[in-house]
Amino acid sequence: TQLLEQSPQFLSIQEGENLTVYCNSSSVFSSLQWYRQEPGEGPVLLVTVVTGGEVKKLKRLTFQFGDARKDSSLHITAAQPGDTGLYLCAGISGTYKYIFGTGTRLKVLA
Amino acid sequence: GAGVSQSPSNKVTEKGKDVELRCDPISGHTALYWYRQSLGQGLEFLIYFQGNSAPDKSGLPSDRFSAERTGGSVSTLTIQRTQQEDSAVYLCASSFLRLAGGSIAKNIQYFGAGTRLSVL
């Protein structure tokens, strides 16, 4: 069974602080996605990383795919209250299947 | 509508009753997924449709769960004889994914807002 463990599970920080969320697996994935989910809504795709070692930046968010394509990280610089939400990683397995991580709940205090 | 629509948004039922959850995907999307999410945690894969067929039902927790998709569009997830452990948010997602050609890495799943099921 493929599992994706995220850490930390919960994170509460002050506005302006930096943070990193980790997504780890013992399995290799062809690519990996990160989503953000707000209460009462479905997850929304933030980014897809495809190549081992790939780094993508989306404004204050930096995503990295591990060299072995088993892990990924999400770094947020100068967090803002609008970044609050549930962050989910999802590994892509085969041609259609998404294996979601356990989730990291982030709260950014003003 | 422009997005994925799920109904009802909330469902409260008594243990032992059957429930039907509905998903209206984005028009033209060939792939449809059902997931289950417990207590704001990660998503658990339930079933995948490509058109009207379901090549992967491996995530359905028991034979009380079934799903169908008609006309390559609307899908219903049915839970028979509901149990308290079935309480969760059930999410539907659709995408343009096609098995032949293309790359799933370029695929974007669009999610509905989910149905929150509470079994008393």
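Located above this text is the structure these notes cover.
As a starting point, this report considers the structure included with it. Bear in mind that the values here come from a model prediction, so they are computed numbers and not experimental data. (Residues numbered from 1 in each chain as written. Chains lettered and ligands numbered in written order. Predicted model: local features only at pLDDT ≥ 70, side-chain atom pairs only at ≥ 80, totals over all residues. Heavy atoms only, no water.)

Looking only at helices and strands, chain B has 0 helices and 11 strands in total. In sequence order, the secondary structure elements of chain B are arranged as β-β-β-β-β-β-β-β-β-β-β. Taken against the 2.2 N^0.38 rule, which gives 14 Å for 120 residues, the C-alpha radius of gyration of chain B at 14 Å falls within 12% of a compact globule. By principal-axis analysis of the C-alpha atoms, chain B measures approximately 45 × 30 × 25 Å. Burial status across chain B gives 48% buried among its 120 residues. Just so you have it, chain B exposes about 5,700 Å², and 47% of that area is on carbon and sulfur atoms. Where the 12 positive side-chain charges of chain B centre and where its 10 negative ones centre are 5 Å apart. (Helix = DSSP H or I, 4+ residues; strand = E, 2+ residues; numbered from the N terminus. Rg over C-alpha atoms; globule rule 2.2 N^0.38 Å. Buried < 20%, exposed > 50% of the residue type's maximum accessible area, 1.4 Å probe, protein only. Areas by Shrake-Rupley, 256 points an atom, 1.4 Å probe, with all protein chains shown as cover. Lys, Arg positive; Asp, Glu negative; His and termini not counted. Charge placed at Lys NZ, Arg CZ, Asp CG, Glu CD.)

Considering soluble globular proteins, one finds that nonpolar side chains tend to be buried as a cluster. Residue and element names in this part refer to chain A. If you look at the biggest cluster of nonpolar residues, it comprises 21 residues, and the most contacted ones within it are Leu19, Leu32, Trp34, Phe63, Leu74, Ile76 and Leu106. Elements that contribute at least two residues to this core include exactly strand S3 (19-24), strand S4 (31-37), strand S5 (44-49), strand S7 (61-65), strand S8 (71-76), strand S9 (85-93) and strand S11 (104-109). Discounting chain neighbours no more than four positions away, the residues touching Leu74 are Leu19, Thr20, Val21, Trp34, Leu61, Thr62, Phe63 and Tyr87. (Core = buried A, V, L, I, M, F, W, Y, C linked by side-chain atoms within 4.5 Å. Contact = heavy atoms within 4.5 Å.)

Residue and element names in this part refer to chain A. Scanning the model with the defined rule gives 2 disulfides over all chains in all. Note that Cys23 is cross-linked by a disulfide to Cys89, the S-S spacing being 2.1 Å. Disulfide Cys23 to Cys89: torsion about the S-S bond roughly 80°, handedness right-handed. Taken as a pair, Cys23 in strand S3 and Cys89 in strand S9 lie far apart in primary sequence, 66 residues in all. By the burial criterion, Cys23 is buried, and Cys89 matches it. (Disulfide = S-S within 2.5 Å.)

Our focus in this paragraph is the interface of chain B and chain A. Each partner contributes residues to the interface: chain B has 22 residues there, and chain A has 23 residues. Along the contact surface separating chain B from chain A lie 1 salt bridge. Where chain B meets chain A, there are 7 residue pairs in polar contact (both at pLDDT 80 or more). When contributions to the side of chain B that touches chain A are tallied by element, the ones reaching two or more residues are strand S4 (31-37) and strand S5 (43-50) of chain B. Residue composition of the side of chain B that touches chain A, grouped by class: 13 nonpolar, 8 polar and 1 charged. (Salt bridge = Lys/Arg side-chain N within 4 Å of Asp/Glu carboxyl O. Polar contact = N/O pair within 3.5 Å; in protein donor to acceptor, adjacent residues only side chain to side chain. Nonpolar A, V, L, I, M, F, W, Y, C, P; charged D, E, K, R; others polar.)

Along the chain, Ser7(A) connects to Pro8(A) via a cis peptide bond; the corresponding omega equals -5°. Within the secondary structure layout, Pro8(A) lies in the loop between strand S1 (5-7) and strand S2 (10-14). Between Ser7(B) and the following residue, Pro8(B), the backbone shows a cis peptide bond with an omega angle of -10°. Tracing the sequence through the fold places Pro8(B) in the loop between strand S1 (5-7) and strand S2 (10-13). Non-glycine residue Lys59(A) carries a positive phi angle of around 55°.

Okay, the sheet that holds strand S6 (residues 55-58) of chain A next. Paired through backbone hydrogen bonds, the strands of a sheet run either parallel or antiparallel to each other. Residue and element names in this part refer to chain A. Spatially, the 5 strands line up as an open sheet ordered S1-S3-S8-S7-S6, and their pairing is antiparallel. Both outer strands of the open sheet, S1 and S6, are each paired with one neighbouring strand and no more. Each strand axis lies, on average, 15° off the axis of its neighbour in the sheet, ignoring direction. Relative to S8, S7 runs antiparallel, the two sharing 5 bridges. When the bridges of S8 are listed, Phe65 appears paired with Ser72. (Pairing = 2+ DSSP bridges. Axes fitted to C-alpha atoms, helices over the stretch in contact; angles between N-to-C directions.)

Don't take any of this as a statement about function, it's just geometry.
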